[in-house]
Structure formats: C-alpha cells, structure tokens
Number of protein chains: 2
Amino acid sequence: MREFYLIEKAKEIFGIDREDVLVGVGEDDCAVVRVGDANLVLTTDCVHEKTDFPPGTRPEEMGHIALAVNLSDLASCGARPLFFLYTITLSPSYEERFEEILLGIRRLADRYGVAVVGGDTDFGDELHISGFAVGVADRFVTRSGARVGDRVCVTGELGKAQLSLEMLLSGKSRDELPFPKSLFSPEPRVEEGMRLAEHASAMTDVSDSLAVSLNSISRSSGVGIEIYEDSLPLDHLTDFVDYERALELFLYAGGDYELVYTSKKCEHYEIGRVVEGEGVWLVGEGRRRVEFRGYSHL
Amino acid sequence: MREFYLIEKAKEIFGIDREDVLVGVGEDDCAVVRVGDANLVLTTDCVHEKTDFPPGTRPEEMGHIALAVNLSDLASCGARPLFFLYTITLSPSYEERFEEILLGIRRLADRYGVAVVGGDTDFGDELHISGFAVGVADRFVTRSGARVGDRVCVTGELGKAQLSLEMLLSGKSRDELPFPKSLFSPEPRVEEGMRLAEHASAMTDVSDSLAVSLNSISRSSGVGIEIYEDSLPLDHLTDFVDYERALELFLYAGGDYELVYTSKKCEHYEIGRVVEGEGVWLVGEGRRRVEFRGYSHL
C-alpha cells in the first residue's frame, strides 16, 4: 500500500502550525479549518476509469461515484455537505457522455442539498474525475478520539461491493449480481454521519477495508480494538461464499461506503469494543490480529 | 475551443438558485458562496503532464504551476487565499519525484500564507495534478461589473510565456530563453488582486489570452471595450519578433498570469476604455475587432 507511504511524505512536507488549521494533511479523512465562525470541513478524492470503475459502469454512475467518495469522507467527519467542485479529464470515448456524467453528479448532489459550484474540464487519454467537497460541522469527529470501553459499530453490511465485483469479473452480468447498487451507485452515509457526530468518539469510512479503518482508529487513538467474531453480520455473504471467505470479505474487502465508529451508544451493528493496549484483534475461538490491509480487484 | 461548449453544458446542468451561492458554476473564474459570516471563494483547476508543462519543466515547477493556476483564479476575484488541497495522479516516471512536486507546492504556498490541508495521491499513466483553493473576500470582483467610462488595465506585460515557449520548442535551451520564469514558475498576482478588489469594477486573469479575457468581461458586463494600439507595452516582445507578431502574441497568446481589470483608477498598464456597445475593438489606424480566441503551443 504505497499510498500510505506517500501520505506520510505529504504530512512531513505540509505540516503547519496555524490556529485556523484544526486538522491538516494526512491526519484524517478530511481537513478541518476555521473561517469566521464556522468549522469548514474540506476533502478531495479522485477516481479513474481504469482503477475505480468496474467494467460496465455507466457514465451517470461514474459521476455519482466521483461525488459519493467525497461525500463519504465528509460523512466520516460528521459534516453537513454544502458545496462540490470537480475537474474532469475527458478521454475521447467519454466526450459524448459528458452530460450523463454531470447528471450523475447532479442527482446525488440534490439528494443531500449539495450545490455544485465549480468545475474545470480538459482532455486526455483516460477519464479522470477529481472532486472537492466543502461541508460544515459544529462538532466534527476524527479517528483519534476512541476511548477504552467504547462500543465499535458499523453502519451497514460489509463486503457487498467486492463480492459483486468478483462475480462480475467471473462472468456474471449486472442483472445477476446480488448487490449491484453497492458496486455501481453506492450511497454515502451522509445523514448517519451528521447524526453520529453528536455522540461518536471516533469515526471513519470503510473505503479501503474495515481492517484498515479499525487499525487507523486504533493507531490514532492509542487504543486496542477487539472485534467479536460471533457478532459480525455475515449472512448476506454466506448466501454466496463459504464462511472463511465471507469473514475475509467482511474484514479486508474495499469498496463499501459504510461508516465505522466508536461510541458509548451503538445505533447500528455492534461488532466489538475499544480495549486497553494496541492493535486490532478478532476474538472468536482464539484471539488473532486483524492486519492493516485491504484490497479490491479493481 | 470546445471547453467553452462544455462550460455552457455544465452551467445548464448545475444551475441552482440558493441564497448561499453568490456565484455558481461557469459564471466566473471562481465560485463565491456564503458560509456563516464569510464570503468563501472557491476554485479548481487541473494540469497535465502533456498539455500543461513545457518540455523540461522540473517536478518542483510542476507543483508550483498546479498551485499558481488556482491562486491566479482567486486573485482574479480579489480573494485572499487561505487553503489548498490537491489530487495527484503519479505516472511511473514521477513516482520518485513526488517529494519535489510537493516542495514546489509548499514553497509557493508559504509565500502567500496558504496552508496545504489535504491531498489524495494515486497512480496512472500520465502525471496529473488537480488543485482546489479556498479564499475569502469581503468585496469580490467578477467579470460582470465593467461600466462605460472605466479604464482597462493589465497588471503586467503579456506574451512572455508563449514567446518563451516558442523559442524553447524551436530548439533554444532554458538558459537562452528571455522569460523563463513566465514559462516555468509564473507568479500569480495574489497581492495585486486583493488590492484591486478595493476599486476594480470587473477583473479576470489572462490565462487563455487577453482577447478571451476582454471578450468575457465585455459579454458578462454588456459593454464594449476599446484597446488603444499605441498604449500597448510591446517592447519586451519586439526585441525578439517583428511588430505584427508581437501584437498577435500580446492579444492572443495564453499562459501569462496577469490580471486584466476595469476601474476608474489604473495602477498598472492602461490599455483602453470601456465604451457603449458590444465587442472588443483594437483602435489604431483603423478599428478592428479583437476576436474571441487564444492559443498556446502546448
């Protein structure tokens, strides 16, 4: 995961000590800055034709995904999304589909009261969309506030996107996939994020994998995390794959748009506890480490 | 200039009527939105290895340019820049140079008090940097406020970047170029933009060409603009090319980072006047139209 090395480099180079920078580069899913009397929550994320869109993704879904990844970042900080800007590099095969891409952005934006206020379009060999989202949050949540004794919760079932992707790549059509929406038009947990900001002590989204997310919270908060195997919702996966594979998908697959959080209060699936110590542990018949890794077949 | 067609499409799709959106998609160089008690000025711009960097551009200069184009947008609205975020797609040949790219961003950011607060890096076939800048402005300037009788002014000499680029492409080395800084590390007019916001009636930066910028102001403001040929500073060009070519470069070449503005008060080169009517006109021995076009050999 060479991205993580690059994030460390960026943290080193862009480290800054300024009163109006509450959360800076590489510290969390979003930056948080102070302007006037508001906490602005800022994030940026880009998607590429080759690496981020499953085969068969429609142009409108590409626009949807480009906005959704950014809204998911804002949600993970508990922010209310307000504004979005994009840059699109159009490859020749997508020039005619430009309008559909924008319509995909617009439809998702409307659902969450996001105004798309800026864009820049140019031309290149590969379709590429970078998004920038701006939100506000009176109380924002980072990865670093988990406390011993907190419950560990996740807003929804995991592994659906990767399972669907694997079935698609093995020759199934879109219509045959069990969770096509998870793959082609995932819904960011915007409302959930805002509500959870009232009580969550730490939060992040599950984009790389649950394992990466939990390890990030564990490291940033200086705590250990135990996940209880018998509390994991796996039925939606074991309908299609065996138990071991389902567990692997749940812990290590990327591409889902759920939030994982720690809190005294669990509003969704409760899967574990914050404990003394360090690292993330799966507690079942034994106690084994949940590694810092995630994957996607894209 | 198919970009302009795409901008029109985007305006159509993202049109929105919201009290907190003062300037939206495609209306100006930046969006202006209201958050709390502040006018936030937002912009985004992307640059590519193949289309935006002259041959021989150093990685640090690439970072510089990626930030500079965004700061120039903010300057053209009279905003004070505060924060910057980027997405970088690293091609294999630049992976080792990542740090230099970031250092180029950091150095320019420091010069103008900009905190780099977010970034996202991934991998692809071509180096690509998208930038997103946030500023504030009590009074912001758009292209639409020019009034008949205003002076037309430009903050610096034009055509330098394109002249240097042409010499570079015709075989000259970097050391032999007359204006290498204009080409490889252009300085956005940040301080000038903030100061001009106090009195300019309309303003934009000269990225595509003076002709494009003036025609944009003319259209948005519903006025005509006359440029007086004998007032144009061309000496820096006629040292290298003949008069006709110099005039062409001054009016139609892209790549400079100057601001053009209309005001009762001119602080820089005064080159014309806002008049009744429509269109942009060059007044010399006769009166001929300045077309809506710009170019760069990149």
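Everything quoted here is computed from the prediction, not taken from an experiment.

The rules behind the values
- Residues numbered from 1 in each chain as written.
- Chains lettered and ligands numbered in written order.
- Predicted model: local features only at pLDDT ≥ 70, side-chain atom pairs only at ≥ 80, totals over all residues.
- Helix = DSSP H or I, 4+ residues; strand = E, 2+ residues; numbered from the N terminus.
- Rg over C-alpha atoms; globule rule 2.2 N^0.38 Å.
- Buried ≥ 20, exposed ≤ 12 C-beta atoms within 10 Å, placed from the backbone.
- Contact = placed C-beta atoms within 7 Å.
- Pairing = 2+ DSSP bridges.
- Axes fitted to C-alpha atoms, helices over the stretch in contact; angles between N-to-C directions.
- Core = buried A, V, L, I, M, F, W, Y, C linked by C-beta atoms within 7 Å.
- Least-squares fit on C-alpha atoms with pLDDT ≥ 70 in both.
- Domains from an automatic or database assignment.
- Nonpolar A, V, L, I, M, F, W, Y, C, P; charged D, E, K, R; others polar.

A. Representation of the overall build of chain A. On a plain count of helices and strands, chain A comes out with 10 helices and 13 strands. Rg of the C-alpha trace for chain A: 19 Å, near the compact-globule value of 19 Å for 298 residues, within the 12% margin. Projected onto its principal axes, the C-alpha positions of chain A cover 55 × 55 × 35 Å. Considering chain A as a whole, with its 298 residues, one finds that 56% of them fall into the buried category. Of the contacts made within chain A by residues no fewer than 6 positions apart, 82% connect residues no fewer than 24 positions apart.

B. Up close: the sheet that holds strand β4 (residues 80-90) of chain A. Residues and elements named next belong to chain A. Reading across from one edge, β1-β2-β3-β6-β4-β5 is the order of the 6 strands in this open sheet, with mixed pairing throughout. Of all the strands in the sheet, the pair left with one neighbour each is β1 (21-23) and β5 (115-123). Shown here is a sheet whose adjacent strand axes are inclined to one another by a mean of 20°, direction ignored.

C. Up close: the nonpolar core. In terms of nonpolar packing, the biggest core is built from 197 residues, with Leu42 of chain A together with Leu42 of chain B touching the most fellow members. With sequence-adjacent residues up to four places away left out, leucine 42 of chain A is seen in contact with Cys30, Ala31, Val33 and Val134 of chain A together with Phe83, Leu85, Val117, Gly118 and Val134 of chain B.

D. Spatial organisation of the relation of the copies chain B and chain A. Turning chain B through 180° and shifting it by 0.0 Å along the axis lays it on chain A, with an RMSD of 0.0 Å. Each copy turns onto its partner about a two-fold axis. Residue by residue, 100% of the interface of chain B is reproduced at the interface of chain A, so both copies engage with the same surface.

E. Examining the sheet that holds strand β10 (residues 259-263) of chain A more closely. All names here are of chain A. A sheet is described by the order of its strands in space; here 7 strands give the open sequence β8-β10-β7-β11-β9-β12-β13, paired in mixed fashion. One side of each edge strand has no neighbouring strand; the edge strands of this open sheet are β8 (202-205) and β13 (287-289). Strand-to-strand, the axes of this sheet are offset by a mean angle of 25°, without reference to chain direction. Where helix α3 (residues 59-76) meets the sheet, its contacts fall on β8 and β10, and the angle it forms with β8 comes to roughly 175°.

F. Region of interest: the domain arrangement of chain A. All names here are of chain A. The domain boundaries assigned to chain A delineate domain 1 (2-136) and domain 2 (151-289). With centres defined by C-alpha atoms, the gap from domain 1 to domain 2 works out at 22 Å. Across the contact, 17 residues belong to domain 1 and 21 residues belong to domain 2. Among the elements of the structure, α3 and β4 are those that each provide at least two residues to the side of domain 1 that touches domain 2. It is α3 that contributes the most residues to the side of domain 1 that touches domain 2, 8 residues altogether.

G. Fine view of the environment of methionine 194 of chain B. Counting through the fold element by element, methionine 194 of chain B comes out in helix α7 (residues 190-196). In this structure methionine 194 of chain B touches Gly78 and Arg80 of chain B, once residues within four positions along its chain are discounted.

H. Expanded view of the interface of chain B and chain A. Across the contact, 50 residues belong to chain B and 50 residues belong to chain A. Counting residues per element, the ones that place at least two in the side of chain B that touches chain A are α1 (2-14), β2 (31-35), β3 (38-48), β4 (80-90), α4 (98-111), β5 (115-123) and β6 (128-136) of chain B. For the side of chain B that touches chain A, the per-class residue count stands at 25 nonpolar, 14 polar and 11 charged.

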